Amino acid sequence: MAGVAGMNELLLDAESLSAEKLCAEIVRESRGKDVCLTSSFQMEDMVVLHILRQHLPAVPVIFLETGYHFSELIEYRDRMVSEWGLNLINALPLTTLEEHEREFGLLYIVEPAKCCQIRKVEPLMRSLQPFAWWFTGLRREQSPTRAGLQKLEDHRLPGGKTLKKVSLLAGWDWSKVEDYARRHAIPRLPLYDLGYTSIGCEPCTAVPADGADARSGRWGGKKLECGIHTFSEKA
């Protein structure tokens, strides 16, 4: 595939291609340039990263370093960076955690949407500016807000730049994610063994109730998205 014709064909075929095939076609179309992955180091992200690294071993991996993460997640991140030799980019807010709390107090309690905007959304939108292809670990099954997710979408950042957002695992269920991770010996984040199914900042993450969707333990059930996948606009 090459040029406009190749891109049009890719857009038409994206939903029918396997995750591995779609990834290969995108790397070919992009020539491996201006590609990144946003990763919270949850299992979906690790599966996408494993697939991507077959073609782009040094793909930039953007991690939102909010200052509020579980210590277990940071330890796992550092382990995987070391073991896999990852090209990690820590996306940092414009203020330190101390400065943030000095100005706002515990903002995640009184106004969690604003806290997410400051410590997640703005750093991510800024970090995505150099890239044209944005890989994610999003899946339709994760929550009602993601049910209409497409594998390949055009997204416009707040500054006006448009990029391709790629969700290789959009149609996968959790059992398929686990099976892939098991078959490829991807180390497991220990927090899953404690009952967590969607893991964000520690103060805003709880174990979900039995039978609830994977993201229901986030923000005390007050919302399902931090905003990093809703502040960008489908183009």
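For the structure, check the block above.
Enquirer: Quick rundown of the packing of aromatic side chains? Include the residues and the values.
Expert: Under the definition given, this model contains five aromatic pairs. With 5.2 Å between their ring centres and 65° between their planes, Phe70 and Tyr196 make a pair best called edge-to-face. Linking Phe70 in the loop between strand 2 (60–64) and helix 4 (71–84) with Tyr196 in the loop between helix 8 (174–183) and strand 7 (233–234), this pair joins segments that are 126 residues apart in sequence. Taking relative accessible area as the criterion, Tyr196 reaches 15% and is therefore assigned buried. Taken together, a centroid distance of 6.0 Å and an interplanar angle of 50° make the contact between Trp172 and Tyr180 tilted. Just as Trp172 is buried, Tyr180 falls in that class too.

Enquirer: Can you lay out the packing of helix 3 (residues 43–53) against helix 4 for me, pointing to particular residues and giving the numbers?
Expert: One can describe the packing of helix 3 onto helix 4 by two numbers: an axis separation of 14 Å at closest approach and a directional angle of 15°. Taken together, the axis directions place helix 3 and helix 4 in an arrangement best described as roughly parallel. The chirality of how helix 3 crosses helix 4 is right-handed. Residues Met46, Leu49, His50 and Arg53 of helix 3 lie in contact with helix 4, whose contacting residues are Tyr76, Met80 and Trp84. Grouping the constituent residues of the contact of helix 3 with helix 4 by class yields five nonpolar, one polar and one charged.

Enquirer: A description of the pairing of strand 4 (residues 133–136) should follow, citing residues and the corresponding values.
Expert: Side chains Trp133 and Phe135 project from strand 4 onto one buried face, and the interleaved Trp134 and Thr136 project onto a second face that is buried too. When strand 4 meets strand 6 (residues 162–167), the two strands line up parallel, connected through four bridges. Each bridged residue has a counterpart across the sheet, and for Trp133 the counterpart in strand 6 is Lys164.

Enquirer: Report on the packing of helix 5 (residues 97–104) against helix 7 (residues 112–127), specifying residues and quantitative values.
Expert: When two helices pack together, their arrangement is captured by the angle between the axes and the distance separating the axes. The interhelical angle for the contact between helix 5 and helix 7, taken along N-to-C directions, is 150°, at an axis separation of 12 Å. The orientation of helix 5 relative to helix 7 falls into the category roughly antiparallel. With respect to the hand of their crossing, helix 5 and helix 7 are arranged in right-handed fashion. Contacts from Leu97, His100 and Phe104 in helix 5 reach Lys114, Cys115, Ile118 and Arg119 in helix 7.

Enquirer: Please give an account of the pattern of salt bridges that cites residues and values.
Expert: Evaluated as defined, the whole model comprises 14 salt bridges. Note that Glu15 is salt-bridged to Arg140, the shortest N-O span being 2.6 Å. Pair noted here: Glu15 is in the loop between helix 1 (3–13) and helix 2 (19–30) and Arg140 is in the loop between strand 4 and strand 5 (152–156), with a separation of 125 residues, a long-range link. When its relative accessible area of 35% is taken as the criterion, Glu15 is described as partly exposed. The partner of Glu44 in a salt bridge is Arg139, and the shortest N-O contact between them spans 3.0 Å. One end of the pair, Glu44, is in helix 3; the other, Arg139, is in the loop between strand 4 and strand 5, and 95 residues separate them in sequence. You can call Glu44 buried: its relative accessible area is 5%. The class for Arg139 is buried, based on a relative accessible area of 2%.

Enquirer: Outline a nonpolar patch on the surface, listing residues and values.
Expert: A surface patch of nonpolar side chains, amounting to about 290 Å² of accessible area, comprises Leu106, Ile109 and Val110. Along the polypeptide, Leu106 turns up in the loop between helix 5 and helix 6 (107–110).

Enquirer: Explain the pairing of strand 2 to me, and be specific about the residues and the numbers.
Expert: Across the five residues of strand 2, five count as buried, placing the element largely inside the fold. By the alternation rule, side chains of strand 2 split into Pro60, Ile62 and Leu64 and Val61 and Phe63, which are all buried. Relative to strand 2, strand 1 (residues 35–38) is paired through two bridges, and the arrangement is parallel. The residue of strand 2 that forms the bridge with Thr38 is Ile62. On the question of chirality, the crossover connecting strand 1 to the parallel strand 2 by way of helix 3 is right-handed. Across five bridges, strand 2 lies against strand 3 (residues 87–91) in parallel orientation.

Reading guide: rules and limits
- Residues numbered from 1 in each chain as written.
- Predicted model: local features only at pLDDT ≥ 70, side-chain atom pairs only at ≥ 80, totals over all residues.
- Heavy atoms only, no water.
- Phe/Tyr/Trp six-rings, centres within 6.5 Å; stacked < 30°, edge-to-face > 60°.
- Helix = DSSP H or I, 4+ residues; strand = E, 2+ residues; numbered from the N terminus.
- Buried < 20%, exposed > 50% of the residue type's maximum accessible area, 1.4 Å probe, protein only.
- Axes fitted to C-alpha atoms, helices over the stretch in contact; angles between N-to-C directions.
- Parallel < 35°, antiparallel > 145°, perpendicular 65-115°, else oblique.
- Left-handed = near helix turned anticlockwise from the far one by under 90°.
- Contact = heavy atoms within 4.5 Å.
- Nonpolar A, V, L, I, M, F, W, Y, C, P; charged D, E, K, R; others polar.
- Pairing = 2+ DSSP bridges.
- Salt bridge = Lys/Arg side-chain N within 4 Å of Asp/Glu carboxyl O.
- Patch = residues over 30% accessible without salt bridge, like charges linked within 9 Å, V, L, I, M, F, W, Y side chains within 5 Å.
- Areas by Shrake-Rupley, 256 points an atom, 1.4 Å probe, with all protein chains shown as cover.
- Right-handed = clockwise from strand over helix to strand, strands pointing away.

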